[in-house]
Amino acid sequence: MSPMLATLPDVTAVLHSPSASPPSGLRAPAAVGMGMARTRFLAPRAAASAASAVSAKPAAVAPLYADRTVVRIGLPSKGRMSEQTLSLLKSCQLSVRHLNPRQYTADIPQVPNLEVWFQRPKDIVRKLQSGDLDLGIVGLDIVSEYGQGSDDLVVVHDALEFGHCRLSLAVPKEGIFENINTLEDLANMPEWTQERPLRVVTGFGYLGEKFMRENGFNHVSFLAGDGALESYPAMGMADVIVDLVSSGTTLRENNLKEIDGGVVLESQATLVACRRSLHKRNGVLEITHEMLERLEAHLTATGEIMVTANMRGNSAEEVAERVLSQTSLCGLQGPTISPVYRSRDGKVAVEYYAINVVVPQKSLYKSIQQLRSIGGSGVLVTKLTYIFDEETPRWRKLLSELGL
Ligand SMILES: Nc1ncnc2c1ncn2[C@@H]1O[C@H](COP(=O)(O)OP(=O)(O)OP(=O)(O)O)[C@@H](O)[C@H]1O
Ligand SMILES: O=P(O)(O)OC[C@H]1O[C@H](OP(=O)(O)OP(=O)(O)O)[C@H](O)[C@@H]1O
Ligand SMILES: [Mg+2]
């Protein structure tokens with residue numbers, strides 16, 4: 001038998017033997033119900049075989065939750081989040097190796113015990129809930145809609161800085177909605193009655209319904225729609241829509257407007273985990289920690305740059321005083337100041353000091369102006385790849401959420 005494979009007991013026999021029922025708490029694999037007998041399941045990939053990508057060939061009978069030792073992460077298989085997810089991971093030195101674009105599996109060579117599964121965003125959430133995935137990257141909108149506030153899911157990183165959008169209620173610009181500019185205006189319209197409720201079309205039935213209920217709408221009906229929702233009001237099929245908005249172009253082009261108080265949810269990409277896996281599956285917590293550290297280090301560094309300059313001075317302290325008198329030169333923990341040694345008349349002398357300071361990218365020009373105003377010269381600007389703090393606050397928060 002290959003070291004990669006292990007055999008399961010005869011499944012038919014297990015099913016038919018009352019004394020050999022699966023341990024409680026374990027779900028029976030779906031294929032069992034389909035009458036499939038004796039088969040093999042994928043065991044954890046041996047580190048030595050890291051060169052071979054995960055096989056997409058379905059096992060005839062899937063492993064039970066407790067039998068799976070490899071950790072799984074779900075990434076969006078389609079849509080606008082898919083490419084950005086891969087590029088974020090690449091920036092964190094977690095490049096996904098996807099040998100065959102027609103397969104749904106891949107791996108991340110940097111993390112040998114992790115399998116990547118490409119799934120539709122909503123399926124990522126469902127599979128995190130069932131424990132078939134341990135980790136996933138998906139928009140908060142999808143986590144909130146399909147997770148429905150479930151305790152089974154833990155948002156490990158809530159701001160991966162891409163996929164920004166908002167779930168928002170929009171109404172037609174004209175007709176009876178012309179002077180409707182707030183949610184309150186909409187709720188107080190006399191048109192909505194039990195016989196003729198406000199008709200809302202949305203792909204977010206759970207969040208949409210909760211939002212309307214919590215905002216005091218009594219006469220509302222919902223219609224589920226998957227795409228092109230902006231066309232429903234003009235077609236007379238709905239009065240208002242609850243849909244994702246990012247640039248606002250689609251709303252504008254369809255003669256719709258957002259109203260004050262109408263944002264249901266602000267969303268961006270998140271890293272989500274299955275709570276049960278964090279507690280019970282070997283390796284999940286460690287992989288989550290490593291991913292979190294890399295993501296935080298990369299995302300923190302993204303908005304910052306390193307500025308280096310030389311400055312004449314009598315001592316490091318005297319230079320430090322000048323630098324710290326400037327509001328944009330305080331750095332992460334303060335500037336690093338080091339002597340610049342040069343040889344003069346055969347002796348080593350210090351006339352200049354080098355200043356290294358990390359500043360927010362958006363205040364770069366201001367920082368340079370301030371450096372110059374206190375005598376800085378030869379200014380170098382360097383992009384930062386990572387900033388590793390002592391400990392990421394999100395890791396602390398996760399441990400406390402897990403009671404660890
Ligand atoms: N303008 C936007 N419209 C929709 N989603 C956006 C937008 N901007 C960011 N997103 C995020 O991208 C995710 C994926 O949306 P996208 O429309 O690309 O894929 P999809 O919804 O899987 O595909 P489809 O819309 O064809 O079903 C959304 O759930 C949301 O988190
Ligand atoms: O504010 P905007 O930048 O205009 O983006 C909003 C639009 O983008 C999404 O549609 P998508 O492009 O995913 O098409 P779909 O309706 O087929 O999902 C969303 O459903 C809106 O229609
Ligand atoms: Mg879409």
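Residues numbered from 1 in each chain as written. Chains lettered and ligands numbered in written order. Predicted model: local features only at pLDDT ≥ 70, side-chain atom pairs only at ≥ 80, totals over all residues. Heavy atoms only, no water.

*Asks:* Whenever I open this one, helix α14 (residues 393-401) confuses me. Can you help?
*Replies:* Each turn of an α-helix holds 3.6 residues, which means side chains three or four residues apart point in the same direction. The set of residues buried in α14 consists of Trp395, Leu398 and Leu399. Each buried residue of α14 lies within a common arc of 100° when the element is viewed along its axis, so the set occupies one face. Across α14 from its buried face, at more than 90 degrees, point the exposed residues Pro393, Lys397 and Ser400. Looking at the buried residues of α14, the elements they touch are β7 (153-157), α10 (275-280) and α11 (284-302). (Buried < 20%, exposed > 50% of the residue type's maximum accessible area, 1.4 Å probe, protein only. Helix = DSSP H or I, 4+ residues; strand = E, 2+ residues; numbered from the N terminus. Arc of directions from axis to C-beta. Contact = heavy atoms within 4.5 Å.)

*Asks:* Where do I start with the nonpolar core in this structure?
*Replies:* Generally speaking, a soluble globular protein has its nonpolar side chains buried in company with each other. Counting residues in each nonpolar core, the largest one holds 36 residues, and the members touching the most others are Ile73, Leu160 and Leu271. It is α11 that provides the largest number of residues to this core, a total of seven residues. Not counting residues within four places of it along the chain, the set of residues in contact with Leu160 comprises Leu88, Ile137, Gln268, Ala269, Thr270, Leu271, Leu295 and Leu299. In terms of nonpolar packing, the next biggest core, distinct from the first, is built from 32 residues, Leu169, Ile180, Val200 and Val240 among them. (Core = buried A, V, L, I, M, F, W, Y, C linked by side-chain atoms within 4.5 Å.)

*Asks:* What exactly am I supposed to notice about the site of ligand 2 here?
*Replies:* Close to ligand 2 lie Arg80, Gly227, Ala228, Glu230, Asp243, Leu244, Val245, Ser246, Ser247, Gly248, Thr249 and Thr250. Separating an oxygen atom of ligand 2 from a backbone N or O atom of Ala228 is a distance of 3.4 Å. Contacts to ligand 2 include Asp243, whose side-chain N or O atom sits 2.9 Å from an oxygen atom. When the free accessible area of ligand 2 is taken as 500 Å², the share hidden by the protein chains comes to 64%. Contributing elements (two or more residues each) for the shell around ligand 2: β11 (240-245) and α9 (249-253). Each residue belonging to the shell around ligand 2 can be placed in one class, and the counts come to three nonpolar, six polar and three charged. (Near = heavy atom within 4 Å. Polar contact = N/O pair within 3.5 Å; in protein donor to acceptor, adjacent residues only side chain to side chain. Areas by Shrake-Rupley, 256 points an atom, 1.4 Å probe, with all protein chains shown as cover. Nonpolar A, V, L, I, M, F, W, Y, C, P; charged D, E, K, R; others polar.)

*Asks:* Would you explain the pattern of salt bridges in this entry?
*Replies:* Pairing between side chains becomes possible if they bear opposite charge and their charged atoms approach one another. A complete count under the given rule lists 20 salt bridges for this structure. For Arg275, the salt bridge is made with Glu401, and the minimal N-O distance between the two is 2.9 Å. Taken together, the positions of Arg275 in helix α10 and Glu401 in helix α14 put the pair 126 residues apart, joining distant regions of the chain. Classification of Arg275 as buried rests on a relative accessible area of 15%. Owing to a relative accessible area of 41%, Glu401 belongs among the partly exposed residues under this scheme. Between Arg294 and Glu290 there is a salt bridge; the shortest N-O distance is 3.1 Å. Of this pair, Arg294 and Glu290 both sit in helix α11, four residues apart, which is roughly one turn of the helix. For Glu290, a relative accessible area of 29% puts it in the partly exposed group. (Salt bridge = Lys/Arg side-chain N within 4 Å of Asp/Glu carboxyl O.)

*Asks:* Please clarify how the sheet that holds strand β13 (residues 269-274) should be interpreted in this entry.
*Replies:* Pairing between sheet strands relies on hydrogen bonds along the backbone, with the strands arranged either parallel or antiparallel. An order of β4-β5-β3-β6-β13-β7 is seen for the six strands of this open sheet, with the pairing classed as mixed. Looking at strand neighbours, the two that pair on one side only are β4 (105-107) and β7, the edges of this open sheet. Taking the axes of each pair of neighbouring strands and ignoring which way they run, one obtains an average angle of 35° across the sheet. Inspection of the sheet shows strand β3 (residues 71-76) paired to strand β6 (residues 135-139) by two bridges, in the parallel sense. Residue Gly74 lies in a different strand from β6, and its bridge partner there is Gly136. This element, helix α5 (residues 140-147), spans β6, β7 and β13 of the sheet and lies at about 105° to β6. (Pairing = 2+ DSSP bridges. Axes fitted to C-alpha atoms, helices over the stretch in contact; angles between N-to-C directions.)

*Asks:* It is not clear to me how helix α12 (residues 316-324) should be interpreted in this structure. Could you clarify?
*Replies:* All of the buried residues in α12 are Val319, Ala320 and Val323. Projected onto a plane normal to the axis of α12, the buried residues spread over an arc of 105° and lie on a single side. Of the exposed residues in α12, those oriented more than 90 degrees away from the buried face are Glu317 and Glu321. Its buried side turned inward, α12 meets β14 (304-312), β15 (336-344) and β16 (347-360).

*Asks:* Even after reading the chapter, I still don't get the UniProt feature "domain: ATP phosphoribosyltransferase catalytic" (unreviewed entry) in the protein, so can you show me in this structure?
*Replies:* When the UniProt feature table is mapped to this numbering, "domain: ATP phosphoribosyltransferase catalytic" (unreviewed entry) covers residues 120-295. The span residues 120-295 carries 34% helix and 30% strand; its end-to-end C-alpha distance comes to 22 Å. (UniProt positions renumbered as here; feature names shortened; annotations may be inferred.)

*Asks:* Teacher, can you tell me more about the site of ligand 1 here?
*Replies:* As a matter of local geometry, ligand 1 sits amid 13 residues, with Lys78, Arg80, Met81, Asp141 and Ser246 nearest to it. In the model, an oxygen atom of ligand 1 is placed 2.7 Å from a nitrogen or oxygen of the Arg80 main chain. In the environment of ligand 1, an oxygen atom lies 2.7 Å from a nitrogen or oxygen atom belonging to the side chain of Asp141. When isolated, ligand 1 has an accessible area of 600 Å², and the protein chains bury 70% of it. Among the elements of the structure, α3 (80-91) and α5 are those that each provide at least two residues to the shell around ligand 1. Looking at the shell around ligand 1 residue by residue, the classes come out as five nonpolar, five polar and three charged.

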